[in-house]
Amino acid sequence: QVQLVESGGGLVQAGGSLRLSCAASGIIFGVNAMGWYRQAPGKQRELVAAIARAGSTNYADSVKGRFTISRDNAKNTVYLQMNSLRLEDTAVYYCNADVLTGWDVKPYWGQGTQVTVSS
């Protein structure tokens, strides 16, 4: 029914930047909240940033001032601009979206993209 496709992950040096993208496709009437989560080895999945349809945002304390979440409602796409990357940002990043179809609202997840920060 609905797919979330992520892109933009990779290897970057500490202090560098990456931009992640996640696009929802399928039979979609609308997309409510969208967000990014991450999970590092041996750690629990954590919320990195979230954005409501109207644009209000929430960030984890660990990324405030460094990461920026944004969205393009016309394209059903959410972005995560990551600046001043640190070693501890290394994780698999997952996109999330609450998708409104003609019948229901359901959460969907992307496949995950690896972000590795090196010294």
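Source: prediction; values computed, not measured.

Below, the discussion takes up the nonpolar core. Counting 30 residues, the largest nonpolar core has Trp36, Leu80, Met82 and Tyr93 as its most contacted members. Broken down by element, this core gets its largest block of residues, five residues, from strand 9 (residues 91-100). For Met82, the contacting residues outside a window of four places in its chain are Gly16, Ser17, Leu18, Leu20, Arg66, Phe67, Tyr93 and Val115.

What follows deals with the packing of aromatic side chains. Two measures describe an aromatic ring pair: the distance that separates the ring centres and the angle between the ring planes. This structure, assessed with the given rule, holds one aromatic pair. Its end group placed over the ring of Tyr94, Arg45 keeps NZ or CZ at 4.9 Å from the ring centre. The cationic tip of Arg45 hangs over the ring face of Trp109; the distance from NZ or CZ to the ring centre is 4.4 Å.

Along the chain, Asn76 falls in the loop between strand 7 (67-72) and strand 8 (77-82). Residue class for Asn76 comes out buried when judged on its relative accessible area of 18%. Setting aside residues up to four positions removed in sequence, Asn76 forms contacts with Cys22, Ala23, Ala24, Ile28, Val31 and Met34.

Turning our attention to the sheet that holds strand 7. Strand order in this open sheet of four strands is 1-3-8-7, and the pairing throughout is antiparallel. Among the strands making up the open sheet, the edge pair consists of strand 1 (2-7) and strand 7. Ignoring strand direction, the axes of neighbouring strands in this sheet form an average angle of 15°. Judged from the six bridges that link them, strand 3 (residues 18-26) and strand 8 form a sheet pairing that is antiparallel. What sits directly across from Ser21, in strand 8, is Tyr79.

Counting across every chain of the model gives five salt bridges. Measuring nitrogen to oxygen at the nearest pair gives 2.8 Å for the salt bridge that ties Asp89 to Arg66. Taken together, the residues span a long stretch of sequence, with Asp89 in the loop between strand 8 and strand 9 and Arg66 in the loop between strand 6 (57-59) and strand 7 at a distance of 23 residues. Arg66 carries the same exposure label as Asp89, and that label is buried.

Each value, and the rule that gives it
- Residues numbered from 1 in each chain as written.
- Predicted model: local features only at pLDDT ≥ 70, side-chain atom pairs only at ≥ 80, totals over all residues.
- Heavy atoms only, no water.
- Core = buried A, V, L, I, M, F, W, Y, C linked by side-chain atoms within 4.5 Å.
- Buried < 20%, exposed > 50% of the residue type's maximum accessible area, 1.4 Å probe, protein only.
- Helix = DSSP H or I, 4+ residues; strand = E, 2+ residues; numbered from the N terminus.
- Contact = heavy atoms within 4.5 Å.
- Phe/Tyr/Trp six-rings, centres within 6.5 Å; stacked < 30°, edge-to-face > 60°.
- Lys NZ or Arg CZ within 6 Å of the ring centre and 35° of its normal.
- Pairing = 2+ DSSP bridges.
- Axes fitted to C-alpha atoms, helices over the stretch in contact; angles between N-to-C directions.
- Salt bridge = Lys/Arg side-chain N within 4 Å of Asp/Glu carboxyl O.

These figures capture arrangement, not role.
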